[in-house]
Amino acid sequence: MQEIVEQAANIYQTNPYQNSTLLNKLLHSPKIAFLDLDDTMTGDKKLTNTTRKQLEKLGYSLIFVSSRTEELLMSSNSYKKSLRHGFTRPQPYSGSKDGKQYYIKTEKHTPTGLLDPDVIAGSTGTQIIIKQQDGAYREDTGYTSSFGLSTIEWKQQCLRLLQIIDPQKKLFQLSPIDIPSNYYQRVTDVFPPYFRLGIICKNLTAKKTFLRRLRQLSFDPFLHIHMQRLIKNIRITDDSNPSQNNYNLYLTPRSGYKARAVEYLVHAICSQLKIEREQLEILIAGDSFPDLEMGLYAGIGTNATFLLVGGSRLSEVLLHTNQHKFAGEELSAIKRLLKPKGKGRYTFHIPSLLKRTCIVGSEAFMGKKAVETIHSYLLQQAEELLEI
């Protein structure tokens, strides 16, 4: 028995990148696509699958950076193999009948183009798992260990903090998937993410009030030392959609979010391959506020392009001359750094730090939305390659 335990421990301690599909692909083509999924790679299922194949044909390794939990992005075969490599998340209940969720193989519910990428940075970038040559996924535990707390400790402290901020529960409610009993009773399809809590604010005013109270608590000298430390280690990610009157926030550890996951992976890849960042060509695509941060600021030093897909909730604000706020968040500083260089194309430049191409899909590929935008962009890329 002792020998079996030691063998298992050795498996989990070995480098998850060493036998990964990611490094094998990058040795032949140093191109990576960091992709959000919902409202980015979704849409027509056939086009999603075609676009996945386009990306691979053009030499891109695929990294999904999604709010979806990790198990939702694995085929049933990869999920079973991953369990043997220490993956601990319960299976998803992707089927629905008579108001109850039930298990079906993910490939029967989800387009194959949205399954089994080379890397999954799931739950809004709070867990990173790497695909192995045998199809299993293994976690990069170095990433989550940097959060400083176990998932149980972090969740318990966050829930206490939320109770302090809104004791009468007038401002928000927890996201249904963050209530464990909902999973066990088959109300929701996934178990709560390990290092993320979602809250649904009742309206924009409630969202602003919540954020104001959180800021005030950070300066409260009478707040318990554990709560003070927690507040300093919390990041608020805005995932609102004002057009649908949705004002949703994610609480994660300060070092656990989409942009940091991308930056962490770029560093890990360069370290593993012993290459410089400038040798990597990366495409970042997304539609939401967290994706904007990821697209503009992650992957410093690489040859990066950010594609804000058509239909993005951010497009109107970014393209409007006099409109500068999205869901109450100020975007004027970002807009000042975007310099036009063609229809729908901009240069985002922070002197002495980064310079990259940004494409606003609603302008560059008019009439296209979500995955249609990526498909059109890749066709354009293929044509340019033929001209060279």
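These numbers come from a predicted model, not from an experiment.

*Asks:* Would you mind showing me how to read the packing of aromatic side chains here?
*Replies:* The geometry of an aromatic ring pair comes down to the distance between the two centres and the angle between the two planes. Applying the stated rule across the entire model yields 12 aromatic pairs. Taking 5.5 Å as the distance between ring centres and 70 degrees as the angle between the ring planes, the aromatic pair formed by Y143 and F147 counts as edge-to-face. Here Y143 falls in the buried class, since its relative accessible area comes to 0%. Given a relative accessible area of 2%, F147 falls into the buried group.

*Asks:* What is the right way to look at helix α12 (residues 258-273) in this model?
*Replies:* In an α-helix there are 3.6 residues to a turn, and that puts residues three or four apart on one side. Here α12 is 16 residues long and its end C-alpha atoms lie 23 Å apart, about the 22 Å a rise of 1.5 Å per residue gives. Every buried residue of α12 is listed here: K258, A259, A261, V262, L265, V266, A268, I269, C270 and L273. Just past α12, the residue K274 takes up positive phi, approximately 55 degrees.

*Asks:* Which parts of the structure should I look at to understand the sheet that holds strand β9 (residues 197-201)?
*Replies:* Note on sheets: strands pair through backbone hydrogen bonds, and any given pair is parallel or antiparallel. Taking strand neighbours across the sheet as the criterion, the four strands line up as β8-β9-β11-β10 in an open arrangement whose pairing is antiparallel. In this open sheet, the two edge strands, each paired with only one partner strand, are β8 (172-174) and β10 (234-238). Strand-to-strand, the axes of this sheet are offset by a mean angle of 30 degrees, without reference to chain direction. Of the pairings in the sheet, the one linking β10 to strand β11 (residues 247-253) comprises five bridges and is antiparallel in character.

*Asks:* Looking at this model, I keep getting lost on the layout of surface pockets. Mind explaining?
*Replies:* Leftover empty space is mapped by rolling, across the atoms, a probe with the size of a water molecule. As a volume, the largest pocket reaches approximately 590 Å³. Lining the largest pocket we find 27 residues, and of these D38, S67, R196, D239 and Y250 sit closest to its centre. Elements with a minimum of two residues in the lining of the largest pocket: β9 and β11. In terms of residue class, the lining of the largest pocket is built from seven nonpolar, nine polar and 11 charged. Computed from the structure, the second largest pocket encloses a volume of approximately 310 Å³. Lining the second largest pocket are 15 residues, and of these I236, D238, F289, E293 and E329 lie nearest its centre. Where the lining of the second largest pocket is concerned, the elements lending two or more residues are β10, α13 (289-297) and β15 (329-330).

*Asks:* What is the right way to read a positive patch on the surface from this model?
*Replies:* Together, K170, K202, R212, R213 and R215 make up a region of like positive charge exposed at the surface. Mapped onto the elements, K202 comes out in the loop between β9 and α10 (204-218).

*Asks:* Help me out: how do you make sense of the state of the cysteines in this one?
*Replies:* Enumeration over the complete set of coordinates arrives at zero disulfides. Cysteine C358 shares no disulfide, and the gap to the nearest cysteine sulfur, in C270, comes to 20 Å. Judged by relative accessible area, which is 4%, C358 ranks as buried.

*Asks:* What am I meant to see in the side chain of S20 here?
*Replies:* Along the chain, the position of S20 falls in the loop between α1 (2-13) and α2 (21-26). Assessed through its relative accessible area of 1%, S20 is described here as buried. A distance of 3.2 Å separates a polar side-chain atom of S20 from the backbone nitrogen of L23. Not counting residues up to four positions away in its chain, the partners in contact with S20 are I130, K131, Q132 and Q133.

*Asks:* Looking at this structure, I do not really get the side chain of S288. What am I missing?
*Replies:* Inspection of the secondary structure assignment puts S288 in the loop between β12 (281-286) and α13. At 2.9 Å, the side chain of S288 and the side chain of D291 are in polar contact. Discounting residues that sit within four places of it in the chain, S288 has contacts with D239, R313 and L314.

About the thresholds
Residues numbered from 1 in each chain as written. Predicted model: local features only at pLDDT ≥ 70, side-chain atom pairs only at ≥ 80, totals over all residues. Heavy atoms only, no water. Phe/Tyr/Trp six-rings, centres within 6.5 Å; stacked < 30°, edge-to-face > 60°. Buried < 20%, exposed > 50% of the residue type's maximum accessible area, 1.4 Å probe, protein only. Helix = DSSP H or I, 4+ residues; strand = E, 2+ residues; numbered from the N terminus. Expected span 1.5 Å × (residues − 1). Pairing = 2+ DSSP bridges. Axes fitted to C-alpha atoms, helices over the stretch in contact; angles between N-to-C directions. 1 Å grid on protein atoms, 1.4 Å probe; cavity = no way out; pocket = protein on both sides within 12 Å on 5 of 7 lines; lining within 4 Å. Points joined across faces, edges and corners; volume = space filled by probe spheres on them. Nonpolar A, V, L, I, M, F, W, Y, C, P; charged D, E, K, R; others polar. Patch = residues over 30% accessible without salt bridge, like charges linked within 9 Å, V, L, I, M, F, W, Y side chains within 5 Å. Areas by Shrake-Rupley, 256 points an atom, 1.4 Å probe, with all protein chains shown as cover. Salt bridge = Lys/Arg side-chain N within 4 Å of Asp/Glu carboxyl O. Lys, Arg positive; Asp, Glu negative; His and termini not counted. Charge placed at Lys NZ, Arg CZ, Asp CG, Glu CD. Disulfide = S-S within 2.5 Å. Polar contact = N/O pair within 3.5 Å; in protein donor to acceptor, adjacent residues only side chain to side chain. Contact = heavy atoms within 4.5 Å.

Nothing here speaks to function; it is geometry throughout.
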